[in-house]
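These are the residues of each chain, in order.
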Amino acid sequence: MTESTLPAGTTEIRVGGADGYTVAVGTDLLGALPAILGPRVAKVLIVHAPTLGARANELRALLVDAGLEALIAEVPDAEGAKRVEVAAFCWQIMGQADFTRTDAVIGLGGGAVTDLAGFVAATWLRGVSYVAVPTSVLGMVDASVGGKTAINTNEGKNLVGTFFAPRAVVVDLDLARTLPRNEILTGFAEIVKAGFIAVPEILDIVEADVDRVTDPTSPEFRRVVELAIALKAEVVSDDFTEQGWREILNYGHTLGHAIEHAERYQWRHGAAVSVGMVFAAELARLTGHLDDATVDRHRAILESLELPTTYGVGRWQGLLATMRRDKKARAGMLRFIILDGVGKPVVLEGPEDHLLFTAYQEVGV
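First, a word on scope: everything that follows refers to the structure included in this document. Please read all numbers here as calculations on a predicted model, not as lab measurements. Residue numbers restart at each chain and count upward from 1, following the sequence in its written direction. It should be noted that, the model being predicted, local features are given only for residues of pLDDT at least 70 and side-chain atom pairs only at 80 or more, the latter also being counted only at that level, while totals for whole chains, interfaces and linings use all residues. Where side-chain values are given, they derive from all heavy atoms of the structure, hydrogens and water being excluded.

## Observations concerning the overall build of the protein
Argument step 1. Secondary structure elements are defined from DSSP: runs of H or I of at least 4 residues count as helices, runs of E of at least 2 residues count as strands, and each element is numbered from the N terminus. Check the secondary structure of the protein and you find 14 helices and eleven strands.
Argument step 2. Values of the radius of gyration come from C-alpha atoms, whereas the globule rule sets the reference at 2.2 Å times the count of residues to the power 0.38. Relative to the globule expectation of 21 Å for 365 residues, the C-alpha radius of gyration of the protein, 20 Å, shows essentially globular dimensions.
Argument step 3. Dimensions of the protein, computed from C-alpha atoms along their principal axes, come out at roughly 60 × 40 × 35 Å.
Argument step 4. Exposure classes here rest on a 1.4 Å probe applied to the protein chains alone. A residue is buried below 20% of its type maximum, exposed above 50%, and partly exposed in between. Here the protein holds 365 residues, and the buried ones make up 58% of them.
Argument step 5. Considering only contacts in the protein between residues 6 or more positions apart, those separated by 24 or more positions represent 73%.
Argument step 6. In this description, accessible areas are obtained by the Shrake-Rupley approach with a 1.4 Å probe, and a residue is regarded as covered only by the protein chains that are shown. Summed over all atoms, the accessible surface of the protein reaches about 14300 Å², with 49% contributed by carbon and sulfur.
Argument step 7. Within the protein, the 47 negative side-chain charges are centred at a point lying 5 Å from the centre of the 33 positive side-chain charges. Contacts are assigned to residue pairs with any non-hydrogen atoms lying within 4.5 Å of each other. Under this rule, positive means Lys or Arg and negative means Asp or Glu; His and the chain ends count for nothing. Positions of charges follow a simple convention, taking NZ of Lys, CZ of Arg, CG of Asp or CD of Glu.

What follows is the structure, given as structure tokens:
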């Protein structure tokens, strides 16, 4: 992307690495998509959630007016999109339309849709261009940014996938203005996560005025979104394939993913991660890494955002079994990101089962 491609006032956050790309944050950005795709692209598949049909058709018309052939694939909402059958549906459309390696996929939707669309692009002809257009807060700050693409299986979340850098990520804040409030709040779990692991300013902004920071028209909302994206861009630039530092982004996710699996993906990702962060904080307190005040701060901030901080006490054995299958485990040994303090994430490897169970009692109801 160049300055002439994007509207004035757009923030450009660079994700480095061999296949570096730009995350554009601003308003009125969709009109720049033909230029972002570039002159070599002739065909585009727009993958979108059912609620975004009208927006997908507007985008299709914009691309057609620019001389592109644009097709649409409507996929199920949320985690229902991340199934191999849905990916095969998209591949079928691309095959029947003779998509070549110079064509492209656009993912228009929340984190599940951009995960799926990125996976489809990464696997078609071993990789075609991909542009993420996230429409949820979760998608804007997390799912669309890091180059992770994946689908789920019956055994767990995101177990089949690949690392695949997009051509660009277009975060059009206008798209957040029509989100239901509960969708905005659940997306804030990932923003708060960034605050606890590395960017304390986020926590201060949330605590100062939770209503303003969750208003998509406010400067505070834009500020925390950009801070969370900038952190992820920095981490991903240094560790694209999660061999080291990138693991800190999994704070709250080990238990969170197990809860999503237990709930058959009927819980929103942010809600599950919220419980996962409180669990990780309790585990850090039990192992002497975190003080009481910081654990309490987890609960206070997350509850101010109307996010859950508890889960069923009788579900522990099933959750533990799922965590042992999680891709973050190493040779059957569980690994958790915990905190030595705000902004000080560390890896806790192979904690004993009794410690895990005791920590879980603090979130169980």
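## Concerning the side chain of Ser-274
Argument step 1. For Ser-274, the position within the fold is in helix H11 (residues 269–286).
Argument step 2. Not counting residues within four places of it along the chain, the set of residues in contact with Ser-274 comprises Leu-302, Leu-307, Pro-308 and Thr-309.

## With respect to the side chain of Ser-136
Argument step 1. Summarising the element assignment, Ser-136 is placed in the loop between strand S6 (129–134) and helix H5 (137–143).
Argument step 2. In this structure Ser-136 comes out as buried when scored by relative accessible area, which is 9%.
Argument step 3. N or O atoms within 3.5 Å of each other form a polar contact, as long as, within protein, one can give a hydrogen and the other can take it, and as long as residues adjacent in sequence are counted only when both atoms are side-chain atoms. Among the polar contacts made by the side chain of Ser-136, one reaches the main-chain amide nitrogen of Gly-139 at a distance of 2.9 Å.
Argument step 4. For Ser-136, the contacting residues outside a window of four places in its chain are Gly-109, Gly-110, Gly-111 and Leu-179.

## Digging into empty space enclosed by the protein
Argument step 1. Think of a 1 Å grid over just the protein atoms. A cavity is a set of points where a 1.4 Å probe fits yet cannot get out, a pocket is an open set with protein on both sides within 12 Å along at least five of seven lines, and lining residues have an atom within 4 Å of a point. Grid points are joined across faces, edges and corners, and a volume is the space filled by probe spheres set on the points. Applying the stated rule across the entire model yields four cavities of 30 Å³ or more.
Argument step 2. As a volume, the largest cavity reaches approximately 80 Å³.
Argument step 3. Along its surface, the largest cavity is lined by Glu-155, Gly-156, Lys-157, Leu-159, Thr-254, His-257, Ala-258, His-261, Thr-322, Met-323, Arg-325 and Asp-326.
Argument step 4. Mapped by element, the contributors of at least two residues to the lining of the largest cavity are strand S8 (156–163), helix H10 (253–262) and helix H13 (316–325).
Argument step 5. Following the grouping adopted for this structure description, the nonpolar residues are Ala, Val, Leu, Ile, Met, Phe, Trp, Tyr, Cys and Pro, the charged ones are Asp, Glu, Lys and Arg, and the polar ones are all others, Gly among them. The residue inventory of the lining of the largest cavity, partitioned by class, reads three nonpolar, five polar and four charged.

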